[in-house]
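Observations on the three-dimensional arrangement
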Amino acid sequence: MKPLTFCSLAFREKPIEALLPWVAKTGFDAIEILGGQLEGLSDSALLALKDQAQDCGVEILSVAPYLWLTQNEELRKESMEIAHKTIHQARTLGAKKIRTFTDSGPTGIGSDVATPEHWEQAVTALKTITASAPELRFVVETHAKTLADTAQSAERLLQKVSAHNLKLLFQPGPHFWIAEFDQLFSEIEHMHLHNINETGAGCALMEGVLDFKTFLQAVKTRGYAHSIALEYCWRGNSPADLEKGFAQLKELI
């Protein structure tokens, strides 16, 4: 499971250039950069980040924008602009992957309520996006209120788009666990890890209700060999929180 990746969502208020030395010092192999943290950066600034990451020994693995492909035409057009901007950023930074959603946020369209028109809109958009950057891997996150909110709907989405460079980002949780990992295994090329508490809110890797020791043993046994990211997505994290999580993750894998 390489590279071990830090998801910058944990420190979304900090500039990436301030994070890279800490990422390297902590021991992460790579960083996944939240798209908003690149907002407004010129090409020269992106190239400076690329050089800094190389000097630190940190791979810039992926860029993580938010997309809304199913809600309405205005959001879809905005999302296509974001996608093409992100492709340019990823190419400039030398990133290999782009984190992808069919929808984002509490108003997202889940597979249980999606109409044929929702599916057609998302599939058409993803075909366009993936075809415009065949050298990049677009990893669709398994997530509630999207068209990839069950193992079956995630498979359906990949089949409908039918692009060689559209894969899955597997986020373990109550509805995506060992059985779903096994079902989707051949299409998974990235993972996000954090635990959840009794209310379903995100929490530290070894402090919630999910048994990650058992899950990651199953992942190892299956032979997963792609990237894995520690994604502490709630606000209020400290460097010590992430350092502890990294140490736990490294020990588990």
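Before going into details, it helps to say that this report is about the structure given with it. (Residues numbered from 1 in each chain as written. Predicted model: local features only at pLDDT ≥ 70, side-chain atom pairs only at ≥ 80, totals over all residues. Heavy atoms only, no water.)

**Examining the pairing of strand β5 (residues 137–141)**
Filter applied, for reference: Burial classes: relative accessible area under 20% of the type maximum marks a residue as buried, over 50% as exposed, and values in between as partly exposed (1.4 Å probe, protein chains only). A helix here means a DSSP run of H or I that spans at least four residues, while a strand means a run of E at least two residues long, and both kinds are numbered starting from the N terminus. Two strands qualify as a pair provided DSSP detects at least 2 bridges between them. Crossovers are marked right-handed if the path from the first strand over the helix to the second runs clockwise, as seen with the strands pointing away from the viewer.
Along β5, four of the five residues are buried, which leaves the element largely enclosed by surrounding structure. Note: strand β4 (residues 97–100) against β5, four bridges, orientation parallel. Bridge assignment links Thr100 to a residue of β5, and that residue is Val140. A crossover connection joins β4 to the parallel β5 through helix α4 (residues 116–131); in handedness this β-α-β unit is right-handed. Regarding the hand of the β-α-β motif, the stretch spanning β5, helix α5 (residues 151–161) and strand β6 (residues 166–170) is right-handed.

**Structural notes on the packing of α4 against α5**
The condition is simple: Axes, fitted as lines to C-alpha atoms, cover a helix only where it is in contact. Angles between the N-to-C directions of the axes lie from 0 to 180 degrees. Angles below 35 degrees are treated as roughly parallel, those above 145 as roughly antiparallel, those between 65 and 115 as roughly perpendicular, and all remaining angles as oblique. Put simply, a crossing is left-handed when the front helix is turned counterclockwise from the back one by less than a right angle, and right-handed when it is turned clockwise. Contacts: residue pairs with any heavy atoms within 4.5 Å of one another. Three classes are used: nonpolar for Ala, Val, Leu, Ile, Met, Phe, Trp, Tyr, Cys and Pro, charged for Asp, Glu, Lys and Arg, and polar for all others, with Gly counted as polar.
It is the contact of α4 with α5, at a shortest axis distance of 9 Å, that shows an interaxial angle of 55°. If you check the angle between α4 and α5, you find them oblique. The handedness of the crossing between α4 and α5 comes out as right-handed. Contacts from Trp119, Val123, Leu126, Lys127 and Thr130 of α4 reach α5 at Ser153, Arg156, Leu157, Lys160 and Val161. Taken together, the residues that form the contact of α4 with α5 break down as five nonpolar, two polar and three charged.

**Examining α4**
Worth spelling out the cut-off: The span expected for a helix works out to 1.5 Å for each residue beyond the first. Each direction from the helix axis to a C-beta atom contributes to the arc, which is the arc of those directions.
When the terminal C-alpha atoms of α4 are compared, their 22 Å separation across 16 residues agrees well with the 22 Å that a helix rising 1.5 Å per residue should span. Along α4, the positions that sit buried rather than exposed are His118, Trp119, Ala122, Val123, Ala125, Leu126, Ile129 and Thr130. The buried residues of α4 occupy an angular sector of 165° when projected down its axis, which confines them to one face. Across α4 from its buried face, at more than 90 degrees, point the exposed residues Pro116, Glu117, Glu120 and Ala131. Those residues of α4 that are buried lie in contact with α3 (73–93), β4, β5, α5 and β6.

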